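# Observations on the model geometry
Spelled out, the chains give:
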Amino acid sequence: MPRKEIIDRIEKYVHPFCITKGSDFKLTDFDPGDTRGLRLDKGEATDLLQRGVVWLAEEQDMLYAQKQWSLLLVFQAMDAAGKDGTIKHVMSGVNPQGCQVFSFKQPSSEDLDHDFFWRYIKCLPERGRIGIFNRSYYEEVLVVRVHEHVLKQQKLPLRLVSKRIWRERLFDIAHFEDYLTRQGTIVLKFFLHLSRKEQKKRFMERLDRPDKHWKFSTADVHERRFWRDFMHAYEEAIRATASERAPWYVVPADNKWFTRLVVAAAIVEAVEKLDLAYPTVDATK
């Protein structure tokens, strides 16, 4: 299949979910179960995903050799949305030495002695590499916003903790990402949009299958009580930080196979635009 035809097909599954301007964004406009007409036929999705994986591996090899650009992939989602599986499948063909994955858990005491960006900045990808943030600095306007007792642990001067703090943090994040893009880092952000009904189903599957018991946590169930608060926080975050340079992809997550297709397609499309090539040897040097 000609590359141009593949690109055209990929765009069909990427553009409807790409947010580059957040002013009119509403999370309710996006269906977690959307598959863009592929509900009855996974064949095309499987074929495109495999082609995307192979294509991404080729592009990543040139990215690593050229050492000019870097790629930062940010994954955010509610529990059981499939972040780990998506990363595993989409990046399955990439050379491990050119890719770094960081999963950010609760901050350490050392982290809390610094500004909230500190621990994330240390993990940014070098030129030529792909960096993956499995959760990210967006937790500072999501979990910390929903559970304000977490904010109290961050040792901020009281006069800086005002009603404007979330708007200020989102402003800082947007400008931080703008800065990164001007330094040669391509920033792609993925919100895996899972329905509450599907999340419950996946939680139950974790209980029914012994090989998935380790994934189950009562804390995850507890977080379901704050579903509306989290959806509001996600909507505000996407609305404030979506841009042409650092777009958000609101990826339907009720069907894992479609989630993986959209993520792979978005990455392939972004990297293809870099027009990468292997460095040429200068015989005069």
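Description of the structure in this document. The residue count restarts for each chain, going from 1 along the sequence in the order it is written. Local features in a predicted model are, by the rule used here, given only for residues with pLDDT of at least 70; side-chain atom pairs are given and counted only at 80 or more, and totals for whole chains, interfaces and linings are based on all residues. Calculation of side-chain values draws on the structure's entire complement of heavy atoms; hydrogens and water are dropped beforehand.

### Side note on the overall build of the protein chain
A run of H or I in DSSP counts as a helix once it spans at least four residues, and a run of E counts as a strand once it spans at least two, with each numbered from the N terminus. Broken down by element type, the protein chain carries 12 helices and six strands. Along the longest, intermediate and shortest principal axes, the C-alpha atoms of the protein chain span 60 × 50 × 40 Å. Out of the 285 residues belonging to the protein chain, those deemed buried represent 51%. Put simply, 82% of the contacts in the protein chain that link residues at least 6 apart link residues at least 24 apart. In these tables, accessible area is a Shrake-Rupley quantity obtained with a 1.4 Å probe, and a residue counts as shielded only by the protein chains included in the view. Only carbon and sulfur atoms are counted for the fraction: they give 52% of the accessible area of the protein chain, which is about 15200 Å². Two residue types count as positive, namely Lys and Arg, and two as negative, namely Asp and Glu; His and chain ends fall outside the count. Here the site of a charge means atom NZ of a Lys, CZ of an Arg, CG of an Asp or CD of a Glu. With 47 positive and 42 negative side-chain charges, the protein chain shows a separation of 4 Å between the mean positions of the two kinds. Burial classification: accessible surface area is computed with a 1.4 Å probe over protein chains only, and a residue below 20% of its type maximum counts as buried, one above 50% as exposed, and the rest as partly exposed. Note on contacts: a residue pair qualifies if any of its non-hydrogen atoms lie within 4.5 Å across the two residues.

### Things to note about the packing of aromatic side chains
Pairing of aromatic rings covers Phe, Tyr and Trp, the last through its six-membered ring, and needs centres within 6.5 Å; plane angles under 30 degrees mean stacked, over 60 mean edge-to-face, and all others mean tilted. Counting across every chain of the model gives 17 aromatic pairs. Three or more aromatic residues joined by ring pairs form one cluster here, namely Phe-102, Phe-104, Phe-116, Phe-117, Tyr-120, Phe-133, Tyr-137, Tyr-138, Phe-176 and Trp-248. Geometry around Tyr-64 places Lys-67 over its ring, the cationic atom sitting 3.8 Å from the centre. A ring is considered to have a charge above it if a Lys NZ or an Arg CZ atom is located within 6 Å of its centre and within 35 degrees of its normal.

### Description of the sheet that holds strand β5 (residues 185-193)
Spatially, the six strands line up as an open sheet ordered β1-β6-β5-β2-β4-β3, and their pairing is mixed. Across the chains shown, the open sheet's two edge strands, defined by having one partner strand only, are β1 (18-19) and β3 (99-103). In this analysis, strands are considered paired if DSSP registers two or more bridges between them. Relative to strand β6 (residues 248-252), β5 is paired through five bridges, and the arrangement is parallel. Within β6, the position partnered with Lys-189 by the bridge is Trp-248. Lines are fitted to the C-alpha atoms to define the axes, a helix being fitted only along its stretch in contact, and any angle between axes, read from their N-to-C directions, falls within 0 to 180 degrees. Sheet contacts for helix α3 (residues 83-90): β2 (70-77), β3, β4 (130-134) and β5; angle to β2, the most-contacted strand, approximately 150°.

### Quick notes on the layout of surface pockets
Its boundaries defined by the atoms lining it, the largest pocket holds a volume of some 1400 Å³. Surrounding the largest pocket, 44 residues form its lining, Asp-79, Lys-83, Lys-105, Arg-135 and Asp-220 being those nearest its centre. Elements that contribute at least two residues to the lining of the largest pocket include exactly α3, α5 (118-121), α6 (143-146), α7 (148-152), α9 (196-208), α10 (218-223), α11 (227-241) and α12 (256-272). In this classification, the charged set is Asp, Glu, Lys and Arg, the nonpolar set is Ala, Val, Leu, Ile, Met, Phe, Trp, Tyr, Cys and Pro, and all remaining amino acids, among them Gly, are polar. Split into classes, the residues belonging to the lining of the largest pocket amount to 16 nonpolar, 11 polar and 17 charged. For each structure, a 1 Å grid was placed over the protein atoms alone; sets of points admitting a 1.4 Å probe that cannot get out are labelled cavities, open sets with protein on both sides within 12 Å along at least five of seven lines are labelled pockets, and lining residues have an atom within 4 Å of a point. Grid points are joined across faces, edges and corners, and a volume is the space filled by probe spheres set on the points.

### What to know about the pattern of salt bridges
Where charged atoms of side chains with opposite charge meet at close range, the side chains can pair. Salt bridges, as used here, are contacts in which a Lys or Arg side-chain nitrogen is within 4 Å of a carboxyl oxygen on Asp or Glu. Per the counting criterion, the structure on display carries 14 salt bridges. Put simply, Lys-189 and Glu-177 hold a salt bridge, and the shortest N to O gap is 2.8 Å. You can see Lys-189 sitting in strand β5 and its partner Glu-177 sitting in helix α8 (residues 165-181), a full 12 residues away along the chain. Its relative accessible area of 0% is what places Lys-189 among the buried residues.

### Describing the environment of Gly-22
With respect to the helices and strands, Gly-22 occurs in the loop between β1 and α2 (43-66). Judged by its relative accessible area of 4%, Gly-22 falls in the buried class. As for Gly-22 and Arg-159, which are separated by 137 residues in sequence, their C-alpha atoms are 30 Å apart. In contact with Gly-22, not counting residues within four places along its chain, are Ile-238, Arg-239 and Ala-242.

### A few points about the packing of α8 against α11
Between α8 and α11, whose axes approach to 9 Å, the crossing angle comes to 45°. Taken together, the axes of α8 and α11 are oblique relative to one another. Of the two possible hands of crossing, α8 and α11 adopt the one that is right-handed. Of the residues in α11, those in contact with Leu-170, Ile-173, Ala-174 and Glu-177 of α8 are Glu-236, Ala-237, Ala-240 and Thr-241. Throughout this description, any angle smaller than 35 degrees is read as roughly parallel, any larger than 145 degrees as roughly antiparallel, any in the 65 to 115 degree range as roughly perpendicular, and the remainder as oblique. Crossing handedness is read from the near helix: turned anticlockwise from the far helix by less than a right angle, it gives a left-handed crossing, and turned clockwise, a right-handed one.

### So, the side chain of Asp-34
Looking at where Asp-34 falls in the secondary structure, it is placed in the loop between β1 and α2. Side-chain polar atoms of Asp-34 contact the backbone nitrogen of Arg-36, separated by 2.9 Å. Nitrogen and oxygen atoms within 3.5 Å of one another constitute a polar contact, given that in protein one can donate a hydrogen and the other can accept it, and given that sequence-neighbouring residues count only through two side-chain atoms.

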